[in-house]
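Results of the structural survey
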Amino acid sequence: MSASSVEYLLWGALPYVVIAVFVGGTIWRYRYDRFGWTTRSSQLYESRLLRVASPVFHFGLLVVIVGHVIGLLIPESWTSATGLSEAAYHVMALSLGIIAGVATLGGIALLIYRRRTTGPVFSATTVNDKTMYLVLTAAIVSGLAVTLLSAYTGITGGHERDYRETVSVWFRSIWILQPDVDAMSAAGLGFKIHALIGLALFALFPFSRLVHAFSAPVWYLFRPYVVYRSRDRVPAEATRPIRRGWG
Ligand code: HEM
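Residues numbered from 1 in each chain as written. Predicted model: local features only at pLDDT ≥ 70, side-chain atom pairs only at ≥ 80, totals over all residues. Heavy atoms only, no water.

Quick look at the site of the ligand now. Around the ligand, the surrounding shell holds 21 residues, and the nearest of these are His-68, Gly-97, Thr-147, Ser-150 and His-194. Residue His-68 places a side-chain N or O atom 2.8 Å away from a nitrogen atom belonging to the ligand. Gly-101 places a polar main-chain atom, nitrogen or oxygen, 3.3 Å from an oxygen atom of the ligand. Elements with a minimum of two residues in the shell around the ligand: helix 2 (48–73), helix 4 (86–117), helix 6 (127–155) and helix 9 (189–204). Ranked by the residues each element gives to the shell around the ligand, the list is headed by helix 6, at seven residues. Looking at the shell around the ligand residue by residue, the classes come out as 13 nonpolar, eight polar and no charged. (Near = heavy atom within 4 Å. Polar contact = N/O pair within 3.5 Å; in protein donor to acceptor, adjacent residues only side chain to side chain. Helix = DSSP H or I, 4+ residues; strand = E, 2+ residues; numbered from the N terminus. Nonpolar A, V, L, I, M, F, W, Y, C, P; charged D, E, K, R; others polar.)

What follows covers the nonpolar core. Formed by 17 residues in total, the largest nonpolar core has its most connected members in Phe-57, Ile-108 and Leu-136. The set of elements that each furnish at least two residues to this core consists of helix 2, helix 4, helix 6 and helix 9. (Core = buried A, V, L, I, M, F, W, Y, C linked by side-chain atoms within 4.5 Å. Buried < 20%, exposed > 50% of the residue type's maximum accessible area, 1.4 Å probe, protein only.)

Structurally, Ser-47 can be placed in the loop between helix 1 (5–32) and helix 2. Considered as a pair, Ser-47 and Arg-114 are 67 residues apart in the sequence and their alpha carbons are 9.8 Å apart.

To continue, consider the confidence of the model for the protein. Across the protein, pLDDT averages 86, with 83% of residues at or above 70. Mean pLDDT values for the elements of the protein range from 58 in helix 10 (residues 234–238) up to 97 in helix 7 (residues 167–175). (pLDDT = per-residue confidence, 0-100.)

To continue, consider the coordination of the iron atom of the ligand. For the iron atom of the ligand, the full set of protein donor atoms is His-68 (NE2) and His-194 (NE2), at a range of 2.0 Å. Note that the iron atom of the ligand binds six donor atoms; their angles at the metal cover 86 to 180°, and the shape is octahedral. Residue His-68 is located in helix 2, and its partner His-194 is located in helix 9; the two are separated by 126 residues in the primary sequence. The partly exposed category is assigned to His-68, whose relative accessible area is 38%. On the basis of relative accessible area, His-194 is assigned to the buried category, the value being 18%. (Donors = N, O, S within 2.8 Å, 3.2 Å for Na, K, Ca; no water. Tetrahedral: all angles 85-135°; square planar, octahedral: opposite > 155°, others 65-115°.)

Glancing now at the packing of aromatic side chains. Applying the stated criterion to the full structure yields nine aromatic pairs. Ring plane angle 80° and centroid distance 5.5 Å describe the contact between Trp-11 and Trp-170, whose orientation is recorded as edge-to-face. On the criterion of sequence distance, the pair formed by Trp-11 in helix 1 and Trp-170 in helix 7 is long-range, its members being 159 residues apart. Classification of Trp-170 by relative accessible area gives buried; the value is 3%. When the ring of Phe-22 is compared with that of Phe-205, the centres are 5.2 Å apart and the planes differ by 45°; the resulting orientation is tilted. Placement of the pair is Phe-22 in helix 1 and Phe-205 in the loop between helix 9 and helix 10, with a sequence separation of 183 residues. Classification of Phe-22 by relative accessible area gives partly exposed; the value is 21%. By relative accessible area, Phe-205 is classed as buried at 12%. (Phe/Tyr/Trp six-rings, centres within 6.5 Å; stacked < 30°, edge-to-face > 60°.)

Side-chain pairs of opposite charge can arise where the charged atoms are in close proximity. Inspection of every chain in the model, using the stated rule, returns five salt bridges. Between Arg-40 and Asp-129 there is a salt bridge, and its shortest N-O distance comes to 3.2 Å. Linking Arg-40 in the loop between helix 1 and helix 2 with Asp-129 in helix 6, this pair joins segments that are 89 residues apart in sequence. (Salt bridge = Lys/Arg side-chain N within 4 Å of Asp/Glu carboxyl O.)

See the structure below:
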């Protein structure tokens, strides 16, 4: 079945528009808004919920990203060549994907709840933030929905709309500048909606607080806590020799 002209626009042209906006927008933001290149942290207003919600969200998302890299970039023939059967691959991918997806969704739900219910945090939330949260949540919810749906069709024996034969083939074809529109137009509607929301998030990325992902230093995960001390304790503390690190 040949793809319609709308599908050509969506899967043949749109990805390149998004890549141009993503790269151009990031360069523009870096050059003209370096002081605004931040998470705009609200930790000083509220830290109890943030301490739980932020790591659950970020570690969940890290696993989701690794899952996307494997699922979209590694061809089915490669995993089969290692002796891993299609069924075993899907059991592994689905179980890990569902756990990571649920953690990411739980994390973002808590972060949004905190943002809405903590007065100063809500006051510091802009229309830009709200738009970003909406698209991010939609990407996570739709991703989880297609995953659960594909787990269900897997159980019921329907493999004809396997994303590794449609979405992944299209995704890889973008990077060799030969977009395989037919492959993506053969994918299920759920996958198409999820991919479009994903593209929308990438287009918003440079203009939102998500840019902080580019400056997340790896050592940040293992660094000691920043210690805040009240003023009256400073003179006594100041007499101690300064030591770096955990001490
Ligand atoms: C064009 C970009 C994207 C494509 C082509 C894509 C493709 C896919 C596919 C094929 C699945 C199903 C995996 C399965 O059935 O096992 C999936 C799941 C999922 N996607 Fe995406 N995705 C994209 C962007 C995003 C973005 C930006 C997010 C959110 C930040 C996201 C979040 C999720 C989540 C939470 C799942 C559930 C499974 C998991 O935890 O990995 N996706 N995606």
